[in-house]
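# Residue-level structure breakdown
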Amino acid sequence: MKPMQPVRGTADLMPRQKSQMNIVLEKASLIASRYGFQDMETPIFEFTEVFSRPLGESSDVVAKETYSFEDRGGSSLTLRPEGTASVMRALISNGLTQSLPQKFFYAGPMFRYERPQKGRMRQFHQIGCEYIGSFNPLSDAEVIGCAAQFLSELGVLDSCILHLNSLGDGQSRDAYRVALVAFLSDYKNELSSDSQRRLNENPLRILDSKADEDREILKNAPQLPAFLTSQAQQHFEHVTNALDKAGINWQLDTNLVRGLDYYSHTAFEFITEELGSQGTVLGGGRYDGLSAMLGGPDIGAVGFAAGVERLALLIEQKQEFTYDIAVVIADDNASSDGFALAQNLRLQGLKIDIPMAPQLGKKLKRASLIGCKLSFIIGENEIKSDTIQVKIMTTGEQKQMETSQALLFAATFLKHGLEGNLSE
Ligand code: HAM
């Protein structure tokens, strides 16, 4: 039988990748808490309507990428492709629309049926922050500030550029849509087939196109900022002034429209060149209309989400897994005592391995290979005399010590690293 493989676009998160992802998750949760975002979680699947309207029936995510199915009761359900719509649904379902603002942090798997490639998966993980209940442009700056600090403390901000745009309010976008469609209609046959389709369904998404023929035509297209109402312009200025004052670098990107329909006003992405075509590590924006689309009241909100796998690819492996002590069992008769010693040390909070190999030399080799700082070697003689052979793995120095003395030595060594100081 052919060995089983994981489903295309999914991945087993093996220890190395998982530990890098954990660094991302821990940092995100820490920084989010400094801004007052509280941890919460929504279900992995929702009724399909939670996503279909807010994200846009014609958006790629809804039109081509959702994992939707009918359950045994006949309900149409969808595996969540993103977190924002679910978080807003949860806020409404839990009766929190009268207790605003609410700031939420979440992390977990998302599902999109996309063409897999490096940094693009069908099951991937996001961390996200949602600041719900404020129309104030300062909350946009707060959310962007949180995202920038998170990336900075991960050590990747310098390799990213913050792209920023304003999508304005509904009135701004309606006016712009008319002008854009009028302009692009003259080039209809020269546009890529995707863009020809979008011209009717969702013309603003054409700005996002990567196709060369579209990019060429777009060079002369009308630009969104010229169509912002004065209110929308003011909102954007407040955001950019706040970012400038706080020293957060950004770049205006008038083609940035984001792939989901619920956005208005501020839209932003942190993009790196180090990951090839999947360089957007974090994206977000304001989504004032989302609550109403889900049957809630008119609520201002802004947030972001970041791709955990993409960030994990970007950060260096900061820490290999290492042990403090290897309990090396010199002969089989000492194995129960060796196990008891290892357990005792683990209960004291130390990371302990018992190397398994046929001979003493190979056990010590293994202890060195897996990064143990010390080896405690015990055999029958050591048990009889209540002693341990303590070996410092980096220097190779070894000395027999009474068990209590060995434990004291290890505590000091592991704390201060008294290399080669076994004689004291
Ligand atoms: P998004 O831009 O669709 O926004 O996704 C956010 C991030 O998730 C992307 O920047 C990327 O790093 C990662 N990502 C998306 N798709 C994949 C994939 N197939 N494989 C790997 N990583 C991926 C949202 O999801 C919005 N909910 C963000 C938001 C929150 N807006 C307001 N609040």
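Procedures and definitions
Residues numbered from 1 in each chain as written. Predicted model: local features only at pLDDT ≥ 70, side-chain atom pairs only at ≥ 80, totals over all residues. Heavy atoms only, no water. Helix = DSSP H or I, 4+ residues; strand = E, 2+ residues; numbered from the N terminus. Domains from an automatic or database assignment. Core = buried A, V, L, I, M, F, W, Y, C linked by side-chain atoms within 4.5 Å. Buried < 20%, exposed > 50% of the residue type's maximum accessible area, 1.4 Å probe, protein only. Contact = heavy atoms within 4.5 Å. Expected span 1.5 Å × (residues − 1). Arc of directions from axis to C-beta. Near = heavy atom within 4 Å. Polar contact = N/O pair within 3.5 Å; in protein donor to acceptor, adjacent residues only side chain to side chain. Nonpolar A, V, L, I, M, F, W, Y, C, P; charged D, E, K, R; others polar.

Time to look at unusual backbone geometry. Between L100 and P101 the backbone carries a cis peptide bond, its omega angle lying at 0 degrees. Inspection of the secondary structure assignment puts P101 in the loop between helix 4 (84-93) and strand 5 (102-111). Although it is not a glycine, R258 adopts a positive phi angle of roughly 70 degrees. For R258, the location among the structural elements is in the loop between strand 8 (251-252) and strand 9 (264-272). With phi around 50 degrees, D386 is a residue other than glycine that occupies positive phi space. With respect to the helices and strands, D386 occurs in the loop between helix 14 (380-384) and strand 15 (387-392).

Bringing the domain arrangement of the chain into the picture now. Once the domains are mapped, the chain shows domain 1 (15-169 + 229-315), domain 2 (178-227) and domain 3 (325-416). Averaged C-alpha coordinates put domain 1 and domain 3 at centres separated by 49 Å.

Our focus in this paragraph is the nonpolar core. Residues L55, M88, I132, L180, L184, Y262 and Y287 are the most contacted members of the largest nonpolar core, which totals 44 residues. Contributions of two or more residues to this core are made by helix 2 (49-55), helix 3 (60-65), helix 4, strand 5, strand 6 (123-132), helix 6 (170-185), helix 8 (212-218) and strand 11 (301-307). Here this core gets five residues from one element, more than from any other, and that element is helix 4. Of the domains in this structure, domain 1 (15-169 + 229-315) and domain 2 (178-227) are the two that each give at least three residues to this core. Those residues within four positions of L184 in sequence are excluded, and the remaining contacts are L191, L199, I206, I217 and L218. With 40 residues, the next largest nonpolar core counts M21, F150, L243 and L275 among its residues.

Moving on, we come to helix 15 (residues 403-416). Taking 1.5 Å of rise per residue, the 14 residues of helix 15 would be expected to cover 20 Å, and the 20 Å separating its terminal C-alpha atoms lies within 8% of that figure. Considered for burial, the residues of helix 15 that qualify are T403, A406, F409, A410 and F413. Along the axis of helix 15, the buried positions cluster into a sector of 115 degrees, meaning they face one direction only. Away from the buried face of helix 15 by more than 90 degrees, exposed residues L408, K415 and H416 are located. Residue G417 follows helix 15 closely and has a positive phi angle near 65 degrees.

Turning to the site of the ligand, a few remarks are in order. Taken together, 26 residues lie near the ligand, and E82, T84, E114, E130 and Y263 sit nearest. Between the ligand and T84 there is a distance of 2.8 Å, counted from a nitrogen atom to a side-chain nitrogen or oxygen. Measuring from an oxygen atom of the ligand, one finds a backbone N or O atom of V281 at 3.2 Å. Broken down by element, the residue count for the shell around the ligand peaks at six residues, all from strand 10 (residues 280-286). Here the shell around the ligand is built from residues that sort into ten nonpolar, nine polar and seven charged.

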